[in-house]
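Residue-level listing of the chains:
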Amino acid sequence: MPETATRPEELVRISYDPPPGDWRGSPVEFRKGTFCHAAGAKSVRYLELPNPRDWQPTDQDWKLPPNWKEIILAGMKERLERFRSFRLFMDICVRCGACADKCHFYLGSADPKNMPVLRAELIRSVYRRYFTTAGKVFRSLAGARDLTEDVLKEWFYYFYQCTECRRCSVFCPFGIDTAEITMMVRELLNLVGVNTNWVLEPAANCYRTGNHLGIQPHGFKDSIDFAVDDLEDLTGVRVEAPINRKGAEILFVVPSADYFATPHYYTLLGYLALFHEIGLDYTFSAYASEGGNFGLFSSHEMMKRLNAKIYAEAKRLGVKWVLGGECGHMWRVIHQYMDTLNGPADFLEEPVSPVTGTRFENARSTKMVHICEFTADLIHAHKLKLDSRRNDHWTVTYHDSCNPARAMGLLEEPRYILRRVANRFHEMPENTIREQTFCCGSGAGLGSDENIEMRLRGGLPRANAVKYVRDKYGVNLLTCICAIDKATLPTALAYWAPGVEVGGVHELVGNALVMKGEKERTTDLRGQPLGQGAEAIHA
Amino acid sequence: MPNYTSHGRVYEVDEDGFLQDPSLWNEEVAKDFMATEGIGDLSQDHWKVIRYIRDYYLQFGIAPMVRKVCKQTGFSLKEIYNLFPSGPAKGACKLAGLPKPTGCV
C-alpha cells in the first residue's frame, strides 16, 4: 500500500470556509501527494504525441512550446466546432450549484475548485475571454480571464483531480456532462505535452502489446495457464482456456489486471470456472488482451487507437460476438463510443446466449455483452447450480462501479447475481449507490502512488458508506466490477474502513458454482477455508 | 531524470525510484535499493522472492502475477507484504530491478 504520514482523523479535518481572495488570481501550489507525475518522454515519444521532454509539475519552467497559447486556443476553437456538446456545456451553466457538493473530491478536500461548477469555470472563463463577444469586450466583468501559464497549471492540477465519474452530471438540471469537459481540457493539455505518466505509460504499453501492463503473448499464456492449474488445485476440475482460437463463437475481453493483480485474479478464476461449466465456445485474445482504455483519459484519438484491437481481433478470429469482463471505463468506451469510433461491426452477429437463447438486443449495435448481463441471464434461466453457502464467510455489499452504472445503466444485473450467490447481502445508503454511486477516488488515471492524498480524500465518501454497512451489518466484503476499483479501493478501505476486503462479482460466482466432477470444496477461490462466518473473520 | 546514490554508486531512476534501465541490475542493486523500501537487511526469504521475480522477468519481460509469486515462492500475500512493505508489484519489483507495473493495478 502507498504510504501516507497523515492519519485519517487528521486528513478528515477540513474546513469548508472558502479561501480569501479572488479565485481567479491564486496560482496552484503543487503539494506532494496531490498530483501525478508528468509523463515520461519515452511514452510520449512512443505514442507520437507532441513535446516529449523531462519535466515535473513542481518545476517552475514546464518547457512548453513557445507558441503554446496559440496551440491551446486553436485546439479549443477546433473542438468547439467539432463537439457541439463542448460549446453547449461552455454556454449553458447557470451556476446553480446543484453539483457543488456531489463531487467526492470536493467532499474530501473542501477545495472550492473541486466543485464541478468551479472546476468547469476554470476553462469556461477562458472560453468567454476568447470565444464570446461579451467576454472579449467586458473581460473580467463578464467572467472572462486571460489564458496564462498559471491558468494552464491550474487546469492540469484540477482536471487531474476529476475522475470523470459523472456523479455531478446526475444532479445537473441541464445535464452538463462534466466528464466531457475534463476530457476536452486533457485533450488540450496533451497538445502542448502536458500529461501524466500514469495515463500515458499504460497507453504506450497498450499500443505496443495490447494491454496496459505490457504483457507479451507468451506472458499472457503463462498467466492464463497458471490460473488453469490453480483452479484445478482448488476445485479438482481441469478447464480449458483457449487463446487466439480461430472459429470460436465468442471473444472474451478482460482488463489486464485480471491476469496480473490481486484481488482481480480471483474474478478470473470465476470466469474460467463458469465458462467451463456451461461449455462456452470462447477464446481469449493475446492482443485484445485489455478491456481498459487509458486513451479515454487523454484524447478521443488515443481512445480510438487503443479500442481498435477489439473489433480487429473479433474479425481476425472469426467470432460471432464479444463478451466483456469486469472492467469499468472500458464500458463507457464500448457503450458510448466504440460503434462510431471503430464500427460498424457488421461482420459480427447480434449476440445470443448459446446456453439460454436470450437475444441481447441492447448490444445490437456494439455486439458486445457485459459478463454480468450474461451471467444474470444464465441464473435467471436456472442454468447454473449454485451453493450460496460457500460465500457465508462473506457479508457482502456492492459498489456500483461508476462507468458500468452511470455510463451503461448496469444496475440490476450485478445485484441479481449477488443475491443468488451470497446469503448475506446489504446495500449501502441509497444516495451512495446505483446512479448516485460514489467513485473510488482513483479512476480516470489518478490511481498512482504519488497521488495518494487526493486518492484518499476522493475515496472518503465511498469508504464512509462502506464503514456504515460494516458497523451496521458486519459487512466484510465490498464487491465491484471494475479493475481500478479492485486496485485502489483496498487502499482506501484499509485507511478509512479497515476490515473490509474487496472482490469481484464473478469471484463469488466462482465460489458458489457447483461444478460437475468437482472435489469437495474446502476453500474459496482465495484458498481461504470455508465455513467461517463473518464474525470469525473479524475476530 | 533523477539519480539515486548508494555506497558511492549512482543509479538513474524514474520518479518512483525504480531503476531506469532494468538490464543494469545485479544483486548489489537490490542491496543498494533496500533502504528506499524501508528494508534493513535482505534475508534468504527476500532473495527467494527477488530471484523468482527477476528470472521471470528475464523470460517474459514482465513481473509475474501476484498470485503466481505467492504460489511459487510458498509465501502468502501477507508474508510478502511483511518482507516488502509496499508489496510484490512495487517493493519487490523495485529491488529486482523491474519497471513499475502500470494500469489498473
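On a predicted model such as this, the values are computed, not experimentally measured, just so you know. (Residues numbered from 1 in each chain as written. Chains lettered and ligands numbered in written order. Predicted model: local features only at pLDDT ≥ 70, side-chain atom pairs only at ≥ 80, totals over all residues.)

Looking at the interface of chain B and chain A
Next, step 1: At the junction of the two partners, chain B supplies 20 residues and chain A supplies 32 residues.
Next, step 2: Broken down by element, the side of chain B that touches chain A gets its largest block of residues, 4 residues, from helix α3 (residues 66-73) of chain B.
Next, step 3: Tallied by class, residues from the side of chain B that touches chain A come to 10 nonpolar, 4 polar and 6 charged. (Contact = placed C-beta atoms within 7 Å. Helix = DSSP H or I, 4+ residues; strand = E, 2+ residues; numbered from the N terminus. Nonpolar A, V, L, I, M, F, W, Y, C, P; charged D, E, K, R; others polar.)

Re the environment of Glu81(A)
Residue and element names in this part refer to chain A.
Next, step 1: Looking at the secondary structure, you find glutamate 81 in helix α3 (residues 68-82).
Next, step 2: Using a count of 10 C-beta atoms within 10 Å as the deciding quantity, one classes glutamate 81 as exposed.
Next, step 3: Between the C-alpha atoms of glutamate 81 and valine 228, which are 147 residues apart in sequence, the distance is 51 Å. (Buried ≥ 20, exposed ≤ 12 C-beta atoms within 10 Å, placed from the backbone.)

Let's talk about the environment of Tyr337(A)
Residues and elements named next belong to chain A.
Next, step 1: Tracing the backbone through its elements, the reader meets tyrosine 337 in helix α15 (residues 329-342).
Next, step 2: Classification of tyrosine 337 by C-beta neighbours within 10 Å gives partly exposed; the count is 19.
Next, step 3: Along the chain, tyrosine 337 and leucine 323 lie 14 residues apart, while their C-alpha atoms are 17 Å from each other.

Here we look at the confidence of the model for chain A
Next, step 1: When pLDDT is averaged along chain A, the result is 96, and 98% of the positions lie at 70 or above.
Next, step 2: Considering only residues more than four positions removed or in separate chains, one finds that residues 533-539 of chain A, a stretch of pLDDT under 50, has 15 contacts. (pLDDT = per-residue confidence, 0-100.)

Concerning the sheet that holds strand β2 (residues 282-283) of chain A
All names here are of chain A.
Next, step 1: Taken in spatial order, the 4 strands line up as β2-β1-β3-β4 in an open sheet, and their pairing is parallel. The open sheet is flanked by β2 and β4 (368-370), the only strands paired with a single partner.
Next, step 2: Here strand β1 (residues 250-253) pairs with β2 via 2 bridges, running parallel. By the bridge assignment for β2, isoleucine 250 is matched with tyrosine 282.
Next, step 3: Across the sheet, helix α14 (residues 300-317) touches β1, β2 and β3 (321-324), and the angle it forms with β1 is around 150 degrees.
Next, step 4: Against the sheet, helix α16 (residues 371-380) makes contact with β3 and β4, and its axis sits at roughly 70 degrees relative to β4, the strand it touches most. (Pairing = 2+ DSSP bridges. Axes fitted to C-alpha atoms, helices over the stretch in contact; angles between N-to-C directions.)

Considerations on the packing of helix α12 (residues 217-235) of chain A against helix α13 (residues 264-277) of chain A
Residues and elements named next belong to chain A.
Next, step 1: The contact between α12 and α13 brings their axes to 10 Å, and the two run at 75 degrees. In terms of orientation, α12 and α13 fall into the roughly perpendicular class. Contacts between α12 and α13 pair Ala227, Val228, Asp230, Leu231 and Thr235 from the former with Leu268, Leu269, Leu272 and Ala273 from the latter.
Next, step 2: For the contact of α12 with α13, the residue count by class is 7 nonpolar, 1 polar and 1 charged. (Parallel < 35°, antiparallel > 145°, perpendicular 65-115°, else oblique.)

Some details on the pairing of strand β6 (residues 477-480) of chain A
Residue and element names in this part refer to chain A.
Next, step 1: Residue alternation in β6 divides its side chains into two sets, Leu477 and Thr479 and Leu478 and Cys480, and both sets are buried.
Next, step 2: Pairing geometry for β6 and strand β7 (residues 501-504), over 4 bridges, is parallel. Pairing of threonine 479 across the sheet is with glycine 503, part of β7.
Next, step 3: With respect to chirality, the unit in which β6 leads through helix α20 (residues 483-496) into the neighbouring parallel β7 is right-handed. (Right-handed = clockwise from strand over helix to strand, strands pointing away.)

With respect to the nonpolar core
Next, step 1: Judged by nonpolar contacts, the single largest core of 192 residues is most densely connected at Trp155(A), Val322(A), Leu493(A) and Ile53(B).
Next, step 2: Split by domain, the residues of this core number at least three in each of domain 1 (8-30 + 50-194) and domain 2 (203-538) of chain A.
Next, step 3: Here Val322(A) is in contact with Ile250(A), Leu251(A), Val253(A), Ile310(A), Ala314(A), Lys367(A) and Met368(A), once residues within four sequence places are set aside. (Core = buried A, V, L, I, M, F, W, Y, C linked by C-beta atoms within 7 Å. Domains from an automatic or database assignment.)

Here's the deal with unusual backbone geometry
All names here are of chain A.
Next, step 1: A cis amide bond links threonine 262 to the next residue, proline 263, at an omega of 15 degrees.
Next, step 2: On the secondary structure map, proline 263 appears in the loop between β1 and α13.
Next, step 3: A cis amide bond, omega 0 degrees, links glycine 343 with the succeeding residue proline 344.
Next, step 4: By secondary structure assignment, the location of proline 344 is in the loop between α15 and β4.
Next, step 5: We note that asparagine 51 has phi near 60 degrees; this positive angle belongs to a residue other than glycine.
Next, step 6: Turning to its location among the elements, asparagine 51 is positioned in the loop between α2 (41-46) and α3.

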